[in-house]
Amino acid sequence: MNAPSKFRYISTDRRVREDRRFVVGKGRYIADLAAEGMLHVALVASQHAAANIKSIDASKALAMPGVHAVIDGAELAAASEPLMNGLDTPNVRRHPLAVGATRYMGEWVAAVVADTRALAEDAAELVEVEYEALPFVIDAEEAYTPASTPVHPAHGSNVLLDRVFNWGDIDEHFAASERQLSLRVTWGRNSTVPIETFGVLAQWDPWGQVLDVRASIQMPKYADQIARALRLPMNGVRVHYDVDVGGSYGVKRGIKHSVLVGYLARKLGRPVRLIEDRLENMRSGDAHGPERIFDIDVAFNSDGVINSMKMRALDNAGAYAGRAPFQLGKPIGAIVGPYRIKSVRYHAVSVTTNKAVEEAVRGFGQSPTNYAIETMVDRVAEAVGLDKVEVRRRNLIRKEEFPYLIPSGTRYDSGDYHAVIDKTLAHVGWRELVAERDALRARGLLAGIGIAACLEPSGGNSSFEPLLNPKNTTTTWMESCRLNVDALGTVNVAIHTTSSGQGHETLVATAVGEALEIDPDKIRVTRPDSLSSLPGNSPVGSRMAIMLGGAAFHAAQKLKAKIVAIAARRLGCAPEAAVYREGAVFHGDREVSWDDIVTIAHRHFHELPEGAEPGLESTYIMQTPTGLELPTADGRVQMYPCHSFEFHVVLVVIDPDLGKPELRRYVIGHDCGTVINPHIVKGMTLGGIAHGIGATLLEEFVYDAEGQMMSQSFMDYLMPSAHEVPRVEIVHHCTPSPLTVFGQKGSGESGYLGAPAAVSGAINDATRPLGVRFNKLPIRVGALADAVADAREQRKDSAP
Amino acid sequence: MKAAPFEYSRPSSVAEACELLTRDEDARIIAGGQTLVPMMAMRLARPTRLVDIARIPELAFIRDDSDAIVVGGATRQAALERHASLAARLPLLARALPWVGHAATRNRGTVGGSIANADPAAEIPLVLVTLDGSIRARSTRDDKVIAADDLFEGPMATALALDACLTEVRFPTWSHARMGSAFQEISARHGDFAYVSAAAQVALDGDGKCVACAIGVGGATAAPTRLKAASAALLGGRLDDAATREAIAAEIAALDIMIDPHASPAYRRRVAVTLAHRVVIAAHDEALSRTPA
Amino acid sequence: MKVSLTVNGETREIDAEPRLTLLDALRDHLRLTGCHTGCEHGVCGACTVLIDGAPARACLLFAVQADGLEITTIEGLAPAPGELSLVQDAFCETHAMQCGYCTPGMVLTAHALLRDNPAPTRDAIVDAISGNICRCTGYGQIVEAIELAARRLAGSNAPAKGDAA
């Protein structure tokens, strides 16, 4: 069912073309790009959680041979605009280098430019900064209180966003429900932490008046933001998209780095490159993910049917606003998960604290939200004493109800959640799995089964922007593609973004090959720079299969129409009467070949249809399939168009004395509609699960009470290795989306969206017999074992 | 993350290395560099000179003595792992070595380096302490043997003088026919430094009575600790599960447990007892499965 | 100081400060940029090279220490321009990567594993690559690639040129 026969290349087992250059070490990453005369940057970082900068003395650093400049925040701020905020919070000003005061440990105070990175680091050590330590706030709940020390005094408080949405008859549904319960879960501060840190190389051409920028970037509106910040016309910034990005999953958004380096390149008249080192990346790359406390009240009946939910999500945005608060907005598009919850109160709060800045992470807030929803459903099952699969079955939206409008205004496109669950459980052997768990328990081990039924909203639009910031009226969120058949008849496709492992070249070649019925391997894919590019919004919001795949397909369809028109003239028939097949056009038993069409288009103007332009070129700028309207006054909006579904089943075994969870079995049922490239989707899912396992068990940016970050290196920030990720079995299902060209949905966030809920659920199932619950991620070995030991001790004490 | 500048020397003999160390008190030995280089990259270590002993021929050897395997200070961990007689003569070390970092770090990391670095959770120091081994250290002043018991003083602290070169490591071997060993550890991820590790080697006579016993725990205490009282308590009799655990628990109850953010002291103490108990039982069962001489 | 580096069979002399790591020497002095910088403190494995045939972290070795040693980088594996080694081909077959950043280290590690152990178990493969962090794939397709390469090695009479690393 995964590869409907109607496709020629889509869904087939084809190699990923990008892989060829990567396996031989010929990827072209930012650190591989060197320019003649290039200078290097190192940063002077604040060691305080909050401090006034009394003075900066760079004289010793500047006296070192090979040091070209030391600049501070005052200099840069005078020459640039503050970085963009997502919300309407004009007094939360953010500059690449701290101006007057620093607001988190690691914040950049000054930048040193030298002949080599090593020299720049030597000089950075010699920059003397005099600080006056200030009061600070680390904890989000404390920051939310009016008495807390504001991180930005000019803003007046730490609250960036505090909004209550009421969707539906919440009070009525609560009153009518037989049961209620409350829970709190906390999502720890972690991130995607790509193995390549962020890097940027900028070069100013004073005669051409253009700033060339190459960067390890995954960011919407990157060129626009650089131009605005540096007060350049947008056509004075040329971003090169032919840079391979060494992993991102959301976070490669080094706008502050880019503005800084752009300024330095202009100031010094030399190419300047900044590649974060790992310490800079971890403490001051502004790339931490959401850190969130969920408080939930849920109203349900004794049969497990959930009627209504009140959720408060309190997000710790760190020291500056950025786009992070929007990560509270995106989940509104799937706030009820895959369930028929009739009404929702959602209270979204984002606060500033003296921690590093939060950035977009895979799922844009959806994975923490899914973790909260799924934990809630587990609790409901527990409360009514029903099997947790059964409770989900009773609440899931049914196949025949699609398109399904959820209380917050999004219409889900399609799905067959019951089928995916049935198929997955059949594959698992649910009864056998339960028996295995019970047998393990009988042996004295802690064993538990976790499940998660989650959505991956995909095809990202920006509906959360106008929803949370009324001054932002953006509803356009396009992606573009250009096709050109050259004079010798080969096909060239241009895409207008960087990629960080998503296989976009394979994607568009497959989509165009499918549409034109020609071998995708014969299609060249290129990435023009931003000055030659059509508008786009970069690979965010699990959107590229839908949006770039869609734009490529539509561009190919336009091209095909031109081809058919050219051929029809030669064939002497109406275009509607001509049939395109595998590059040639037929009318009855007569044919015009691809080569002939190319010749006509490029060389025989006299044979072109009237009004046709010479050449064979087409462009398509595609708007997202939904999200075309501004939000309603009561805060309802159509968020992303497509909704992939995933169902996780995990068996966890824990030695109660040691506390280390072992993932004994991991199965995921996955439905992302039509799969364009099975290898790519599989990799996304497996990688997402690994990332989710890390978030659940290992990964956290820890701050101590003094605001010092305790996990600045890979010695302390622990990511799963091959030992920690089990073999994962994938069960496929395909419910095509009616909104996309091939029926495809997004898969770039798959696995990650449900893994934390499932793994945490499994651990909680394992410790439930002891009455022990873990409501906070990550669940660490030591804490787990300590809780188990305490519970056993108490049982011993209370035993008669 | 670039190291601060330093000078580099690659002496061809231990004597020359010692000479270099004497001349500059901020000089440091580098062998495999698997721990020192990260510290230098973060500028937490700033030696003025690195004295590279990795290629001094007299420091790279593995010698099978009658009562010990003696290993040159700069011998790579991977070389020791592959040593033909290791599994038979030093099964405890053979079991511990795969837990040391990852294959790629064992290929460069040295036996002496791991010992001199003295991480409380490191596996090789634990085995050395458990088996009551020793090292030899040479400087321009002397050439002396230091017993493992006297060597490890705390986290990253040893009795090795700063100008001394660890020239050899002596791991005592046992000649009992009925011998068993076991090594276990628990960490967040395989290959990480352990929260707690435990090592045991047990020898039995023909009747199954314990004639030799060595138990050690690492990670829990500031330096690897040999459980001498528990080991002594188990000698002379048949191993009793409950008594073993009790003896171990009693000794560990009296230890000073390390405090760090990664695991609570209570966890470390409990798990030290659990793992020590388990390795003794496993070592005993293995010994019991061997045919008496 | 002068350092003589033998990389992929070719010996080249560079002028290096003692503090220059082998990683930076390969990348910046020899322009062998397939060796990637990930953490610079020996954890992630992105800078894995083979030293005398065995995987090692290029960030944990100063170039001066590598003087005279046999170093193999990812650039030394492909049998000819445009061709792939058997392991590289297997990585492409199973799509054992996404962003490609950890890939050279993984491929070199796999080469060394299969040279020492042509028929590794799944556990042996997992252990061999456990010192190399991949944030994209969750390792599944990497393990599959190495299993596939092992099967293909077993199926061929002799390893193809370039596969023995």
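Everything that follows concerns the structure shown earlier in this document.
Treat the numbers as computed from the prediction; the structure is a model and nothing was measured.

### Side note on the overall build of chain A
- Helix and strand content of chain A: 20 helices and 28 strands.
- Since a compact globule built from 800 residues should have a radius of gyration of about 28 Å, the 28 Å found for chain A is in line with a globular shape.
- Residue burial in chain A is summarised as follows: out of 800 residues, 67% are buried.
- For chain A, long-range pairs separated by at least 24 residues make up 81% of all intrachain contacts whose partners lie at least 6 apart in sequence.
- As displayed, chain A offers around 26,200 Å² of accessible surface, 50% of which is attributable to carbon and sulfur atoms.
- Within chain A, the 96 negative side-chain charges are centred at a point lying 3 Å from the centre of the 84 positive side-chain charges.

### Notes on the interface of chain C and chain A
- Taken residue by residue, the interface counts 48 residues in chain C and 52 residues in chain A.
- When chain C packs against chain A, close to 4,100 Å² is buried across both sides, 55% of that on carbon and sulfur atoms.
- Run the count over chain C and chain A and you get six salt bridges.
- For arginine 27 of chain C, the salt bridge identified is with aspartate 32 of chain A, shortest N-O distance 2.7 Å.
- At the boundary of chain C with chain A, the tally comes to 25 residue pairs in polar contact (both at pLDDT 80 or more).

### Structural notes on the sheet that holds strand S7 (residues 159–167) of chain A
All names here are of chain A.
- Strand order in the open sheet formed by five strands is S7-S15-S14-S13-S8, with mixed pairing between adjacent strands. Two strands in the sheet have a free side with no partner beyond their single neighbour: S7 and strand S8 (179–187). If you compare each strand with its neighbour and ignore which way they point, the axes differ by 10° on average.
- Bridge analysis of S7 against strand S15 (residues 343–352) gives eight bridges, and the strand direction is antiparallel. Residue leucine 161 lies in a different strand from S15, and its bridge partner there is serine 350.

Rules behind the numbers
Residues numbered from 1 in each chain as written. Chains lettered and ligands numbered in written order. Predicted model: local features only at pLDDT ≥ 70, side-chain atom pairs only at ≥ 80, totals over all residues. Heavy atoms only, no water. Helix = DSSP H or I, 4+ residues; strand = E, 2+ residues; numbered from the N terminus. Rg over C-alpha atoms; globule rule 2.2 N^0.38 Å. Buried < 20%, exposed > 50% of the residue type's maximum accessible area, 1.4 Å probe, protein only. Contact = heavy atoms within 4.5 Å. Areas by Shrake-Rupley, 256 points an atom, 1.4 Å probe, with all protein chains shown as cover. Lys, Arg positive; Asp, Glu negative; His and termini not counted. Charge placed at Lys NZ, Arg CZ, Asp CG, Glu CD. Buried area = accessible area lost by both parts, 1.4 Å probe. Salt bridge = Lys/Arg side-chain N within 4 Å of Asp/Glu carboxyl O. Polar contact = N/O pair within 3.5 Å; in protein donor to acceptor, adjacent residues only side chain to side chain. Pairing = 2+ DSSP bridges. Axes fitted to C-alpha atoms, helices over the stretch in contact; angles between N-to-C directions.

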